[in-house]
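Descriptive analysis of the structure
Given next are the chains, with one letter for each unit.
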Amino acid sequence: MDHVSLLVNGEALLDGLDLQIFTGEIMGLIAGRDRGYDQLIRLVCRNIPISFGRVWYDGRTVNSYSRSDGTANRVYVIGQMSHLVEGLSVVDNLFVLRKGFKKYFINERVLREQAEAFFEENQIQVDLRKRVSALTPLERCLVELGKALLMGCRLVVVDNPGNFLSQNELIRFQKKLRLVRESGVSVLYIGNHHQELFRIADRLSLFFDGRVVKVFERDEMTDEGIAPYIRDWVVPSAGRTDPEQEDGVLHFHSVHTEDLHGLRFVLHRAECLTLLDMDNRIAGDVLALLTGEKSCQKGRITLEHEPYTRERAADYLKAGIAVIPKDCAEALLYRERSYMENLTFLLDRKLGQSVLPGKFLRSIKKEYGAQVGNAINSASVGDLPVEEQIALVYYRIMLFHPRVLVCIQPLAKGDMYVRLKILALLQKIVKAGTAVLIITANVSDTLMISDRLLVVEKGTCTAVYEKDGFDQVDW
């Protein structure tokens, strides 16, 4: 891409973008802001009209400011949303749904044999007899990678795999991408965290406000090398100095469920503890236990040294536990309601009043208006930008002030500045005395505010890192 600009309603979503990806290269890309991010991926895949510049693919001009024909390039995107049809078999997805397949009578055995031979040649191990709906996230990515190679794609875009693959799955998928690179296929690998990209990329592009502001060569990909460009992205550590913070609030005593096998940890008051789920399997069971949907098969849970039974968990908010799921804006906000109605939604439970006094509401609006700005006057939160909606969820928690806050992959969505806003708000919540438990399949930036890190494999804790030992963590 040479000096590519894309103007939409007078706004430059891509602004003089220069991007080169060479044959057999893994180009990493990290976005400082989401502006232009979707348009960049779309433009890589399809030759949509652009305002300035030119685009080359596989040695020839495919798009320019003077001619855009809307054709698709041979590019495949592997992201959180699958491009496979779940009700069909893997073989049907590979062949029958492929453009140009014209057979009326299909011999599934022959197609499966061809697929198995192709996958074996490309060292991709997947049971091709499975239905797509039965595939694991890693298997789904491998099938899509195989489909891209079968279609003759010279470029594969991998969009934030750390958001939907476990740490173990991510490592295995990265190994497969390195093999693909050796066959001459190029990869545009998009990630949230520079350390993840350092492990896989041959070069790294820093994408910010519609342009690439810096390209890092292999020998420049160090924490010291990238530090001047991300200095504004760092959240300063608050530290833990209050002796009262050492009190245990939530305690898992060798808990067993379907996916937990003797999980043990103590969460202290005003502490941020991150559980790194290497298999991406424990979040559902931990939430089910804390919200009363499940009971421990073995072991027990205590909240402030009192048994946390299933009966007590049935009203977990009253017990002082709040939960922020992965897609928090979609799950927790009433999009047609006002900002203030959403902000104060939990206070009736906390105060035991169905109608809050006007003086009380005015005080809240004044206090949070100073932080939120004009958004607090919004009559419908669905009209707000996504980053404002996500921040609203965390402001609601700050106002509710629970004993324990459980966050599931809080940094899975949003650009770098959205994630930093979330980290800053979580840090305020911790500083106010709430114990925060983060469950994630990808450490990403959560270590910036975490006091401890527990590595969980096969439902049990396999390693513990204190804050002064985070520099020893190497994923």
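Okay, so let's go over this structure. Every chain's residues receive numbers from 1 upward, in the order its sequence appears when written. Only residues with pLDDT of at least 70 are given local features in this predicted model, and only at 80 or more are side-chain atom pairs given and counted; all residues enter the totals for whole chains, interfaces and linings. With hydrogens and water excluded, all non-hydrogen atoms of the structure serve as input to the side-chain values.

The next thing to look at is the packing of aromatic side chains. Stacked, edge-to-face and tilted are the three classes for Phe, Tyr and Trp ring pairs, Trp counted by its six-membered ring, which pair at centre distances within 6.5 Å; planes under 30 degrees apart are stacked, over 60 edge-to-face, the rest tilted. One pass over the full model with this rule turns up 5 aromatic pairs. Residues phenylalanine 252 and phenylalanine 265 carry aromatic rings whose centres are separated by 4.7 Å and whose planes lie at 20 degrees to one another, so their mutual orientation is stacked. You can see phenylalanine 252 sitting in strand E11 (residues 248-256) and its partner phenylalanine 265 sitting in strand E12 (residues 261-268), a full 13 residues away along the chain. On the numbers, 5.1 Å between centres and 50 degrees between planes, the contact of tyrosine 334 with phenylalanine 345 is tilted. Residue tyrosine 334 is found in the loop between helix H11 (328-332) and helix H12 (339-343), and its partner phenylalanine 345 is found in the loop between H12 and helix H13 (347-351); the two are separated by 11 residues along the sequence. Note on exposure labels: buried denotes an accessible area under 20% of the residue type's maximum, exposed denotes more than 50%, and partly exposed covers the range between, all computed with a 1.4 Å probe on protein chains only. In this structure tyrosine 334 comes out as partly exposed when scored by relative accessible area, which is 41%. We call a charge positioned above a ring when the Lys NZ or Arg CZ atom is no farther than 6 Å from the ring centre and deviates by at most 35 degrees from the ring normal. Just above the ring of phenylalanine 216 sits the side chain of lysine 214; from NZ or CZ to the centre is 5.4 Å. Over the aromatic face of tyrosine 334 sits the side chain of arginine 337, whose NZ or CZ is 6.0 Å from the ring centroid. What counts as a helix is a DSSP run of H or I of at least four residues, what counts as a strand is a run of E of at least two, and both are numbered from the N terminus.

This part takes up unusual backbone geometry. If you check the backbone angles, glutamate 304 has positive phi at about 50 degrees while not being a glycine. By the element assignment, glutamate 304 lies in the loop between strand E14 (298-303) and strand E15 (306-307). In this model, glutamine 409 sits at a positive phi of 40 degrees, which is unusual for a non-glycine residue. Along the chain, the position of glutamine 409 falls in the loop between strand E17 (404-408) and helix H16 (416-431). Here glutamine 409 falls in the buried class, since its relative accessible area comes to 9%.

Quick look at helix H15 (residues 386-400) now. Expected span of a helix: the number of residues minus one, times 1.5 Å. In a regular helix each residue adds 1.5 Å, so 15 residues correspond to 21 Å; H15 covers 22 Å between its end C-alpha atoms and thus fits that length. Counting buried positions over the 15 residues of H15 gives 12, a clear majority of the element. Three or more residues of H15 are buried, namely Gln389, Ile390, Ala391, Leu392, Val393, Tyr394, Tyr395, Arg396, Ile397, Met398, Leu399 and Phe400. With its phi angle positive at about 55 degrees, histidine 401 sits one or two positions after the end of H15.

Attention shifts here to helix H5 (residues 167-182). The terminal C-alpha atoms of H5 lie 23 Å apart, and with 16 residues this matches the ideal 22 Å at 1.5 Å per residue to within 8%. What H5 keeps buried is the set Gln167, Glu169, Leu170, Phe173, Gln174, Lys176, Leu177, Val180 and Arg181. Phi turns positive one or two residues past the end of H5, at glycine 184, with a value near 95 degrees.

What follows covers the sheet that holds E12. A pair of strands is labelled paired if DSSP reports no fewer than 2 bridges between them. Read from one edge of the open sheet, 4 strands run E12-E11-E14-E15, paired in antiparallel fashion. The sheet is open, and its two borders are formed by E12 and E15, each paired with just one other strand. Inspection of the sheet shows E14 paired to E15 by 2 bridges, in the antiparallel sense. When the sheet's bridge partners are listed, threonine 302 is paired in E15 with proline 307.

Along the polypeptide, alanine 201 turns up in the loop between helix H6 (194-200) and strand E9 (203-208). With a relative accessible area of 1%, alanine 201 lands in the buried category. Along the primary structure alanine 201 and isoleucine 26 are separated by 175 residues, whereas in three dimensions their C-alpha atoms are 5.1 Å apart. The criterion used for residue contact is that any of the two residues' heavy atoms lie within 4.5 Å. Not counting chain neighbours up to four residues away, the residues in contact with alanine 201 comprise Ile26, Gly28, Arg218 and Met221.

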